[in-house]
Protein chains: 4
Amino acid sequence: EDLVDLADVERAAVARLPRDVRDFIAGGSGDEVTLAANRAALDGVGVVPRVLAGVEVADTGTSLVGTEAALPVAVAPMAYQCLAHPGGEVATAAAAGAAGVPFTVGTLSSRAVEEIAKTGATLWFQLYWLRDRGLVEELVARAEAAGCRALVITVDVPVMGRRRRDVRNGFSLPADVRAAHLSGGVTRAHERREVGSGVAEHTSTAFDPALGWRDVEWLRTRTRLPLVVKGVLDPRDATRCVELGASAVVVSNHGGRQLDGVVPSAVALPRVVEAVAGAGEVLFDSGVRGGVDVLRALALGATGVLLGRPVLWGLAVGGERGVARVLELLRAEFTQALLLAGCADVGAARGLATALTGPGAP
Amino acid sequence: EDLVDLADVERAAVARLPRDVRDFIAGGSGDEVTLAANRAALDGVGVVPRVLAGVEVADTGTSLVGTEAALPVAVAPMAYQCLAHPGGEVATAAAAGAAGVPFTVGTLSSRAVEEIAKTGATLWFQLYWLRDRGLVEELVARAEAAGCRALVITVDVPVMGRRRRDVRNGFSLPADVRAAHLSGGVTRAHERREVGSGVAEHTSTAFDPALGWRDVEWLRTRTRLPLVVKGVLDPRDATRCVELGASAVVVSNHGGRQLDGVVPSAVALPRVVEAVAGAGEVLFDSGVRGGVDVLRALALGATGVLLGRPVLWGLAVGGERGVARVLELLRAEFTQALLLAGCADVGAARGLATALTGPGAP
Amino acid sequence: EDLVDLADVERAAVARLPRDVRDFIAGGSGDEVTLAANRAALDGVGVVPRVLAGVEVADTGTSLVGTEAALPVAVAPMAYQCLAHPGGEVATAAAAGAAGVPFTVGTLSSRAVEEIAKTGATLWFQLYWLRDRGLVEELVARAEAAGCRALVITVDVPVMGRRRRDVRNGFSLPADVRAAHLSGGVTRAHERREVGSGVAEHTSTAFDPALGWRDVEWLRTRTRLPLVVKGVLDPRDATRCVELGASAVVVSNHGGRQLDGVVPSAVALPRVVEAVAGAGEVLFDSGVRGGVDVLRALALGATGVLLGRPVLWGLAVGGERGVARVLELLRAEFTQALLLAGCADVGAARGLATALTGPGAP
Amino acid sequence: EDLVDLADVERAAVARLPRDVRDFIAGGSGDEVTLAANRAALDGVGVVPRVLAGVEVADTGTSLVGTEAALPVAVAPMAYQCLAHPGGEVATAAAAGAAGVPFTVGTLSSRAVEEIAKTGATLWFQLYWLRDRGLVEELVARAEAAGCRALVITVDVPVMGRRRRDVRNGFSLPADVRAAHLSGGVTRAHERREVGSGVAEHTSTAFDPALGWRDVEWLRTRTRLPLVVKGVLDPRDATRCVELGASAVVVSNHGGRQLDGVVPSAVALPRVVEAVAGAGEVLFDSGVRGGVDVLRALALGATGVLLGRPVLWGLAVGGERGVARVLELLRAEFTQALLLAGCADVGAARGLATALTGPGAP
Ligand SMILES: Cc1cc2nc3c(=O)[nH]c(=O)nc-3n(C[C@H](O)[C@H](O)[C@H](O)COP(=O)(O)O)c2cc1C
Ligand SMILES: Cc1cc2nc3c(=O)[nH]c(=O)nc-3n(C[C@H](O)[C@H](O)[C@H](O)COP(=O)(O)O)c2cc1C
Ligand SMILES: Cc1cc2nc3c(=O)[nH]c(=O)nc-3n(C[C@H](O)[C@H](O)[C@H](O)COP(=O)(O)O)c2cc1C
Ligand SMILES: Cc1cc2nc3c(=O)[nH]c(=O)nc-3n(C[C@H](O)[C@H](O)[C@H](O)COP(=O)(O)O)c2cc1C
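At an RMSD of 0.0 Å, chain D and chain B line up after a rotation of 90° and a shift of 0.0 Å along the axis. Both copies are brought into coincidence by an operation consistent with a four-fold rotation axis.

Both copies of the chain are related by a screw-like operation: a rotation about an axis and a shift along it. Note on the copies: chain A fits chain C at an RMSD of 0.0 Å, the axial shift is 0.0 Å, and the rotation between them is 90°. Little of the interface of chain A is mirrored in chain C, where only 3% of its interface residues again form contacts.

Bringing the confidence of the model for chain A into the picture now. Per-residue pLDDT for chain A averages 96, and the proportion of residues at 70 or more is 99%. Across the interfaces of the predicted complex, the ipTM metric reaches 0.97, alongside a pTM of 0.97.

Glancing now at the interface of chain A and chain C. Listed by partner, the interface residues are 36 residues for chain A and 40 residues for chain C. Put simply, chain A and chain C have seven salt bridges between them. Breaking the side of chain A that touches chain C down by element, the ones donating at least two residues are α1 (6–16), β1 (45–48), α12 (291–299), α13 (309–340) and β12 (353–356) of chain A. With six residues, α13(A) is the single largest residue contributor to the side of chain A that touches chain C. Tallied by class, the residues present in the side of chain A that touches chain C amount to 20 nonpolar, six polar and ten charged.

Let us now look at the interface of chain D and chain B. In this assembly, 35 residues from chain D lie in contact with 40 residues from chain B. Counting the surface lost from both chain D and chain B, the interface buries some 2,800 Å², and carbon and sulfur atoms represent 60% of this. Where chain D packs against chain B, one counts seven salt bridges. A salt bridge links B:R164 to D:E333, with the shortest nitrogen-to-oxygen separation between them at 3.7 Å. On the surface where chain D and chain B come into contact, there are twelve residue pairs in polar contact (both at pLDDT 80 or more). Among the elements of the structure, α1 (6–16), β1 (45–48), α12 (291–299), α13 (309–340) and β12 (353–356) of chain D are those that each provide at least two residues to the side of chain D that touches chain B. Tallying contributions element by element places α13(D) first for the side of chain D that touches chain B, with six residues. Across the side of chain D that touches chain B, the residue classes break down as 20 nonpolar, five polar and ten charged.

All names here are of chain C. With respect to spatial proximity, 21 residues lie near ligand 3, and among them P77, Y128, T154, D285 and G287 are the closest. Take Q126: an N or O atom from its side chain is 3.5 Å from a nitrogen atom of ligand 3. Computed on the free molecule, ligand 3 has an accessible area of 600 Å², of which 98% lies beneath the protein chains in the complex. When residues of the shell around ligand 3 are traced back to their parent elements, those giving at least two are α2 (19–26) and α13 (309–340).

Once that is clear, we can look at the pattern of salt bridges. Once their charged atoms are close, side chains differing in charge can pair, the charge on each being opposite to the other. As enumerated under the stated definition, the model contains 111 salt bridges over all chains in all. Where A:E328 meets A:R331, a salt bridge forms, and the shortest distance between an N and an O atom there is 3.0 Å. Here A:E328 and its partner A:R331 are both found in helix α13, three residues apart, which amounts to about one turn of the helix. Residue D:R39 pairs with D:D43 through a salt bridge whose shortest N-O separation is 2.7 Å.

We now examine the site of ligand 1. Residues and elements named next belong to chain A. Looking at ligand 1, there are 21 residues lining it, with P77, Y128, T154, D285 and G287 nearest. Within the backbone of A79, a nitrogen or oxygen atom sits 3.1 Å from a nitrogen atom of ligand 1. Where the shell around ligand 1 is concerned, the elements lending two or more residues are α2 (19–26) and α13. Looking at the shell around ligand 1 residue by residue, the classes come out as eight nonpolar, eight polar and five charged.

Moving on: the layout of surface pockets. A volume near 860 Å³ is recorded for the largest pocket. Within the residue set of the lining of the largest pocket, elements represented by two or more residues are α3 (33–43), α12 and α13 of chain A together with α7 (164–169) and α8 (198–206) of chain C. When residues of the lining of the largest pocket are assigned to their parent elements, the largest contribution, eleven residues, is made by α13(A). For the lining of the largest pocket, a count of residues per class yields 16 nonpolar, eleven polar and 17 charged.

With that out of the way, let us pick up the side chain of A:T62. Residue and element names in this part refer to chain A. The topology assignment puts T62 in strand β2 (residues 62–64). The class of T62 is buried, set by a relative accessible area of 13%. T62 has contacts with T67, E68, A69, L71, P72, V346 and R350, leaving out every residue within four places of it along the chain.

In this structure the tally under the stated criterion is zero disulfides over all chains. Here C:C82 is not disulfide-linked; the sulfur of C:C148 is the nearest cysteine sulfur, at 17 Å. Left unpaired, D:C241 is separated from the closest cysteine sulfur, that of C:C343, by 16 Å. The buried category is assigned to D:C241, whose relative accessible area is 0%.

Residues and elements named next belong to chain C. Of all six residues in strand β8 (residues 227–232), six are buried; the element is thus mostly enclosed. As paired elements, β8 and strand β9 (residues 248–251) share four bridges and run parallel to each other. When the bridges of β9 are listed, K230 appears paired with V250.

The next subject is the packing of α2(C) against α13(C). Residue and element names in this part refer to chain C. Viewed as axis vectors pointing N to C, α2 and α13 meet at an angle of 155°, and their least axial separation amounts to 10 Å. As judged from the angle between their axes, α2 and α13 are roughly antiparallel. Contacts from R22, I25 and A26 of α2 reach α13 at R309, L312 and W313. Residue classes in the contact of α2 with α13 are distributed as four nonpolar, no polar and two charged.

Residues and elements named next belong to chain D. Judged by which residues are buried, strand β10 (residues 281–284) turns out to be covered on both faces: E281 and L283 on one side and V282 and F284 on the other are all buried. Between strand β9 (residues 248–251) and its parallel partner β10, the chain crosses via helix α11 (residues 265–276), and the hand of that crossover is right-handed. Relative to strand β11 (residues 304–307), β10 runs parallel, the two sharing two bridges. Bridging from a neighbouring strand, F284 pairs with V305 of β11. Taking the sense of rotation as the criterion, the β-α-β connection linking β10, α12 and β11 turns out right-handed.

Kept free of each other, chain B and chain C leave a smallest C-alpha distance of 11 Å between them. A gap remains between chain A and chain D, with no contact made and the closest C-alpha atoms lying 11 Å from each other.

Another aspect to go through is the nonpolar core. Among the nonpolar cores identified, the biggest contains 498 residues, and A:L295, B:L295, C:Y80, C:L295, D:F284 and D:L295 are the most heavily contacted of them. With residues near it in sequence (within four places) discarded, C:L295 still touches C:V47, C:F334, C:A337, C:L338, C:A341, C:A349, C:L352 and D:L259.

All names here are of chain D. Turning to its location among the elements, R222 is positioned in helix α9 (residues 213–222). Note on R222: relative accessible area 42%, which makes it partly exposed. Spatially, the C-alpha atom of R222 lies 32 Å from that of L312, the residues being 90 residues apart in sequence. Each residue touching R222, except ones within four places of it in the same chain, is listed here: E137 and E144.

Our focus in this paragraph is unusual backbone geometry. Even without glycine at this site, C:E32 takes up a positive phi of about 60°. In this structure, C:E32 sits in the loop between α2 and α3 (33–43). A positive phi angle, close to 50°, is found at D:A277, a residue other than glycine. Examined against the element boundaries, D:A277 turns out to sit in the loop between α11 and β10. D:A277 gets classed as exposed once you look at its relative accessible area, which sits at 60%.

How each quantity is defined
- Residues numbered from 1 in each chain as written.
- Chains lettered and ligands numbered in written order.
- Predicted model: local features only at pLDDT ≥ 70, side-chain atom pairs only at ≥ 80, totals over all residues.
- Heavy atoms only, no water.
- Least-squares fit on C-alpha atoms with pLDDT ≥ 70 in both.
- Contact = heavy atoms within 4.5 Å.
- pLDDT = per-residue confidence, 0-100.
- Salt bridge = Lys/Arg side-chain N within 4 Å of Asp/Glu carboxyl O.
- Helix = DSSP H or I, 4+ residues; strand = E, 2+ residues; numbered from the N terminus.
- Nonpolar A, V, L, I, M, F, W, Y, C, P; charged D, E, K, R; others polar.
- Buried area = accessible area lost by both parts, 1.4 Å probe.
- Polar contact = N/O pair within 3.5 Å; in protein donor to acceptor, adjacent residues only side chain to side chain.
- Near = heavy atom within 4 Å.
- Areas by Shrake-Rupley, 256 points an atom, 1.4 Å probe, with all protein chains shown as cover.
- 1 Å grid on protein atoms, 1.4 Å probe; cavity = no way out; pocket = protein on both sides within 12 Å on 5 of 7 lines; lining within 4 Å.
- Points joined across faces, edges and corners; volume = space filled by probe spheres on them.
- Buried < 20%, exposed > 50% of the residue type's maximum accessible area, 1.4 Å probe, protein only.
- Disulfide = S-S within 2.5 Å.
- Pairing = 2+ DSSP bridges.
- Axes fitted to C-alpha atoms, helices over the stretch in contact; angles between N-to-C directions.
- Parallel < 35°, antiparallel > 145°, perpendicular 65-115°, else oblique.
- Right-handed = clockwise from strand over helix to strand, strands pointing away.
- Core = buried A, V, L, I, M, F, W, Y, C linked by side-chain atoms within 4.5 Å.

Structure (structure tokens):
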């Protein structure tokens, strides 16, 4: 096995996938300034490790939104995973389950939550705010019935960010990749055009951009599951989320796929952590590419991270085994990072100092 | 139509235009340090979006210097637009009018203000301070008579910045491009030389570098139109402008075409906004290349922006239709940016926080 | 002799060594972000020289941890030097001795400390915390008996950092390079595999990751030699080291070979200096490539520096003579740097101001 | 004449000169980090121009160390100008004189001060501190007799910085380029070797590195000429200079040719200006490449600047006419910069604000 780091996996996947699918996964919106800034900001987070802590074995286990997890990591919700591999979400979830990492089933999953649940993985369910409110209620019910352990409501997609790669590629879904939770599953996302993104077209038809605080309150009353609000960057919004009963927020710019030009996620993170002040959990995503990034996020105060694209690269390379490889690399890297930073466990990592040497340093 | 972003339009225009015209439009002065710094500074403005604002439709309309505008955008004054396309300012204004965006007629327009007015577009009139004061008075009178809604006095061109590309190209105006507001319209700008810019020669003959505060006061008494002072970077000058009765200042370094080595416009903007403190409007230009830049400027406190070169690239590519495409892309991008930033309207955008991660970060 | 600077020596060595050995020496861990950041941070330290100090001859001599040294420089502990040249540590030490620079014998030396001692060089002995505590005691005894003048305990290698170059190269020790202080000297480091580092395998077998404060206290009671704790980046750890009786700490990230993503060593240095506040010596390494870097470290408050890779490049190029060349270049550069900074001696250099213009500037 | 900016002149000169001479002029010491940082720091100084100042004609005239000058610029002392052109210092001075710019005769001039004086240019005389104190006295006497108007004592060359390009080129003076003020004029600088700089060899033989405060005091009593101390970067040294009676200091790192790794000159400048607080003049050099740089230096508080390498490039390209071209370009650029910054004169430029957006920004 010569996939030595996550970049190897990405390279292998990129070589294998058709161009439009590769672009759909890799791309960001607009000028992809935020996409690049996410990495630059993470690379500029210099962790200050501790020594002589007497740590023989580092315990990577933690609890995320009340769920036990083998790592402070969950698989981010990502749509249409059958694009990367016929096994789709079932393959990904199986690998996540084996690795002890929660898997987030998307509203736009290409496999149904009930099917995915059969893998035995710990599941969270991601909600997009559909115009069809009945369907939202139905999805919540299905998620609960399937044993999902948290509801992740994504709030940074009132409409889909303009991803120019998709527009130029005239990207649409192939016939065999379907939105399993939408009746029939064939949507405007399948309509091919010369220029323009089918996926974006579908989103604007199906999603309700008017999602507001009131809807979060409504959802809060509709389910006993812990609520996670994904896509928060302003500290004021973060505190309001936890005040309204959210268990966690995800500091995220959707991997640079929504509003281009927003603050890098790692620059926003410490400000949100400070504002939330322990009243809720603060998860982090956008740009995580290895175990050191998990440590960086923890050192900046995160409870844990969501892992996005690398999971899909693993899936593309080898289905369940490919995802397993990605998660195993991440586990090994993070375990070593804890040891090398003198941290016996995840909690200790949250006490590490950092020196910001990149963009956004104060 | 495969012009997916403003950079596509620029690429198409650059491929089409003769080298000296392309350089005249694209170029900056001196080492073009400021030209590049304008973009770097804008790219370093990380907007912090809001979520859950319940915005179904974002209202992009606003008022600029008392004029209703469909976007917080006006077309910047730009000389000799017939260089880019035979339709010149008439074509540009027609597209601007259709898009509901004010068009600024230049003193050095290659089509007369009366002709342009026939497009029905909302017009502003830009004044250069000509040595021939009678002509200035005449231009003000013509602008008023033609129904212009504001006078924009440009104060950063006591002489023309040394644009080395023009000097090397020996740039001069072709016979069929004329300064429509100057009697005859054939000027020293048409004199060709091996090395040296005809346009700069003409400027130094025609413009009065001694333009001062007194002249602004004089102008203020001569017209009922709102006065906009364009090319202000020092906060002390900005406050003095509004004290003397200007309705607005434009924070601008003339797109890096005047004094090279000056502060990037986006670095100057928040300092001017703070000093003016609401006593007048603060417009912004220099480097705006898309809807996200409009949002960035608003988040830094601007009332609106002027759009420069992209309009000329559109004009070069397709006359009125090309400009329409540019303004349509900008409208779509800005509308989406508002939605994605959780802003119901332009006012909300002015309340967004920013994280400065580029040059000039404090 | 046309090796004009240390970069020349590196180039010459890199051209001569087999790829896997070159990579073992040059490489860092992970994405090699810290490896690069170490240099960027040093290049961003602008020293503010003094003038008119009336310095005829600069005295480069100093005392390091109670040892007289001709320069504020010691050779860093580096494993398996026979990889670079058959003379190995004996050749390096001989050159160091001739240059009046302390040489640090490694636990993983490929020549025995007793043999090295015959060169007459001033020796320090570096300890790795072996699971076999008896062996640690034996090494301390051998070091003392051989006349070593300080014990350097390395605390940033509970396990070996994942150095991807070694993993990809399937790096293992050739049969003729042995760990002279480990009985037999043939270890798992000699086991070749397609992918994976033999050296790392050996480390995880032999080293005790649980090394803690208690062990430092124990060691402190076991020897009269001054104790140096190598690999400290957090100021809190540094003060604790000196409180427990260490004579010095080495601010080091192991040349970017342990935890990737940690703070650049030069960014950590002034913070540690401030915390230690003179209660112990503060040595520095990671990225030193010439006499100016020595001056930079002193100006940031270091007592002296350890020199790593450049010594091995010299060894590879010409054995003892090659190392001598490296140390002579360094001596000449540092002597000149002192003179040009108006410093009569090493102490004066510690009083120089700096202007931080690179990453990590406050 | 198609030399449109100083970079054109440099390009033309570089194409014309033999490699070793070109390298001697262009090169810096060490890794040339400071050489590059000087420019980066200047490019990062964003000037904030004023508007509406009513400036018809900008007055570029000023007084430098009691000498009237047509520009706030003097030609920096530069050794052996016959290397660039047979006319050498006489040609340079003639052009400077015609431009109304003081010319600094070097101790290592290749033409004698008496000869140079015949050009009628305003002269300053630069002193190196020779071991032969009698010769120093003689040079002071000759300088006074020849009508020099200031003595510039260079304090950043106790020994010559190691300029690796010269070392690699085995650079030595050709037989027809002589140190006109040293008896015979043939020195060790003429001794050719495979590797190593003849010029540096000569310096270490001839210069007294022990130059100290006492010597400045002694010099102060020996001449009625205003004293300028060149090569000061630490504010404490600057204030001491003026306390001892110096009329001015030159904030300079010798164009990156002495100690590599020192603070960029433009970063040091405002700190020195603040410390000197008007008690003496503060000149600036190292990296000035055009009229905008002169404005930047003034805005940072400098009294004026010294121009180095560009003058030699001009000399190489066309002797006196080449230098005249350089000074004419500089004059034109600076005049325009004043006008565009709304400054009626040099004094106004010193009141401009700056926004530091590059390295060393606070
Ligand atoms: C192909 C793809 C599809 C995605 N689909 C969704 C989705 O349906 N719902 C959602 O909340 N986020 C979605 N995301 C965003 C991820 O949840 C996550 O925020 C992002 O990928 C994190 O950045 P990273 O990829 O740099 O790790 C998607 C991301 C990608 C790359
Ligand atoms: C070709 C061209 C001609 C211009 N002519 C004028 C003019 O006549 N009057 C004026 O005030 N500004 C003029 N400008 C400056 C613009 O109004 C505006 O400040 C600048 O273009 C904004 O920068 P941007 O091009 O990066 O958007 C001109 C700019 C260009 C590119
Ligand atoms: C090939 C190699 C082997 C090393 N072996 C050891 C070692 O055995 N013990 C130790 O404490 N440090 C070891 N180090 C780290 C050095 O002591 C030192 O911290 C590092 O090389 C300094 O960075 P530099 O190489 O950039 O100067 C080694 C470094 C290299 C390059
Ligand atoms: C070829 C050359 C020779 C120089 N000779 C001297 C000298 O003899 N005395 C001196 O004080 N400075 C000397 N300098 C330094 C200049 O006076 C000045 O400080 C430096 O060139 C300014 O930087 P710039 O070249 O970037 O403008 C020399 C510089 C050059 C490039």
